[in-house]
Amino acid sequence: MALYPSLEDLKVSKVIEAQSTIAAKQASVAIEAKPVAIEAKPVAIEAKPVAAENALYPDLQELGDYMGLDLNSEKLQADMSLVPVTDSGQVAGGQSTLGNMLAPVTGNNMGFHRAEIKAGVREVTLCKDQDRKVGLRLRSIDRGIFVQLVQANSPASLVGLRFGDQILQLDGKLCTGWSTDKAHKALKQAPEDKISLIVRDRPFQRTITMHKNSSGHVGFIQKRGKITSIVKDSSAARNGLLTGHNICEINGQNVIGLKDSQIMDILAAAGTTVTLTVMPKAVFEHMVKRMSFGLVSLMDHSTPEV
């Protein structure tokens, strides 16, 4: 079963598949047809326009109007190379520039890659800086230990730790049931030259990929980083963005603690495809509880490497 980054990708992929199926059938009929000698006789034929309903999304105009996207034949022809099609006209799954996803609209979008929440666990190794710190603040939630803050240009940021990551082990010790104080004490007592962490990527968060319309909007309103409204029939509505969630990242870039104007500037510069990383409001508020504005201002807001 094929997966798609967004509803728009699914719809365009289906159109490409349908067009490829028609083309394959027409080619098959042309090959099977045998030439027959027929005496040519002049016949008067009245020219009649071809009914529009017999065409399959001519120039993708119907689909473009429906989803408010800038979809034209030239763009779709270029993007078809991202969607492998079998001889029978079916879109082949499991082969695309986005791993196991088919993405004729999203394409090979770097923001999508930066925002990816990977399944499974990974090990990271970090060292303390000259001040014997790693630039990491932890928080205990539901008997688990989570990353509450990653300081900019710190050892923690250099190894790719992010807000919301879960720490499963610290130097071989299970963190389940630890308090916040115990986690910080373990970090403080860890050796300076090598600290081993087993990490699960952001289990409380999810990503949603959307596409800007011709006006440059994806269709939601936010205030202080919280999504307050969804625009009807927008890409945000089509792809299941919900109110009552806080924006943690835009195309993989942390935006927690930024002003509304800064968040809007990042959205405006994000290109036509936007991937939001969001967290339910209740979990987010618990995660950032007791964090002063001064601490939040130290958070790493750089664009992560892929």
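Provided above is the structure to which this section pertains.
Nothing here was measured: the structure is a model prediction, and the numbers come from that model. (Residues numbered from 1 in each chain as written. Predicted model: local features only at pLDDT ≥ 70, side-chain atom pairs only at ≥ 80, totals over all residues. Heavy atoms only, no water.)

A separate point is unusual backbone geometry. Phi is mostly negative for residues that are not glycine, and the peptide bonds are mostly trans. Look at aspartate 171: it is not a glycine, yet its phi comes out positive at around 50°. Mapping aspartate 171 onto the fold places it in the loop between strand 4 (166-170) and strand 5 (173-174). On the basis of relative accessibility, which here comes to 31%, the residue aspartate 171 falls in the partly exposed class. Here the phi dihedral of arginine 224 falls at roughly 55°; this positive angle occurs in a residue that is not glycine. With respect to the element layout, arginine 224 can be found in the loop between strand 8 (220-223) and strand 9 (226-230). (Helix = DSSP H or I, 4+ residues; strand = E, 2+ residues; numbered from the N terminus. Buried < 20%, exposed > 50% of the residue type's maximum accessible area, 1.4 Å probe, protein only.)

The biggest cluster of nonpolar side chains holds 21 residues, and the ones touching the most others in it are Leu136, Leu138, Leu161, Ile167, Leu170 and Leu197. Looking at this core, the elements that each hand over two or more residues are strand 1 (121-126), strand 2 (136-141), strand 3 (144-150), strand 4, helix 6 (180-189) and strand 6 (195-200). What leucine 136 contacts, discounting residues up to four positions off in sequence, is Val147, Leu149, Val150, Ala156, Leu161, Leu187 and Leu197. (Core = buried A, V, L, I, M, F, W, Y, C linked by side-chain atoms within 4.5 Å. Contact = heavy atoms within 4.5 Å.)

So, about the pattern of salt bridges. Here the structure, examined in full by the defined rule, presents 8 salt bridges. We note a salt bridge from arginine 238 to glutamate 8, for which the minimum N-O separation is 2.9 Å. Of this pair, arginine 238 sits in helix 7 (residues 235-238) while glutamate 8 sits in helix 1 (residues 7-32); the two residues are 230 residues apart in sequence, bridging distant segments of the chain. As far as the burial class goes, arginine 238 and glutamate 8 line up, both buried. Between lysine 281 and glutamate 285 there is a salt bridge, with the nearest N and O atoms lying 3.2 Å from each other. Taken as a pair, lysine 281 and glutamate 285 lie in helix 9 (residues 281-287) at a separation of 4 residues, close to a single helical turn. Classification of glutamate 285 by relative accessible area gives partly exposed; the value is 41%. (Salt bridge = Lys/Arg side-chain N within 4 Å of Asp/Glu carboxyl O.)

Here helix 6 has its buried residues at Thr180, Ala183, Ala186 and Leu187. In an axial view of helix 6, the angular spread of the buried residues amounts to 130°, which keeps them on one side of the axis. Along helix 6, the residues that are exposed and aim more than 90 degrees away from the buried face are Asp181, Lys185, Lys188 and Gln189. Tucked into the core, helix 6 has its buried residues touching strand 2, strand 3 and strand 4. (Arc of directions from axis to C-beta.)

In this section: the packing of aromatic side chains. The final tally for this structure, using the stated rule, is 2 aromatic pairs. Arranged with centres 6.0 Å apart and planes meeting at 55°, the rings of phenylalanine 163 and phenylalanine 284 form a pair that is tilted. With phenylalanine 163 in the loop between helix 5 (155-158) and strand 4 and phenylalanine 284 in helix 9, the pair connects residues that are 121 residues apart, well separated along the chain. Note on accessibility: phenylalanine 163 and phenylalanine 284 belong to one class, buried. (Phe/Tyr/Trp six-rings, centres within 6.5 Å; stacked < 30°, edge-to-face > 60°.)

Of note, glutamine 205 is situated in the loop between strand 6 and strand 7 (206-211). Within the structure, glutamine 205 has its side chain in polar contact with the backbone oxygen of phenylalanine 163 (distance 2.9 Å). For glutamine 205, the contacting residues outside a window of four places in its chain are Ile117, Phe163, Gly164, Cys248, Thr277, Val278 and Met279. (Polar contact = N/O pair within 3.5 Å; in protein donor to acceptor, adjacent residues only side chain to side chain.)

Attention now moves to helix 8 (residues 260-268). Of the residues making up helix 8, those classed as buried are Ile263, Ile266 and Leu267. All buried residues of helix 8 fall inside an arc of 100° around its axis, so they share one side. Facing away from the buried surface of helix 8 by more than 90 degrees, the exposed residues are Asp265 and Ala268.

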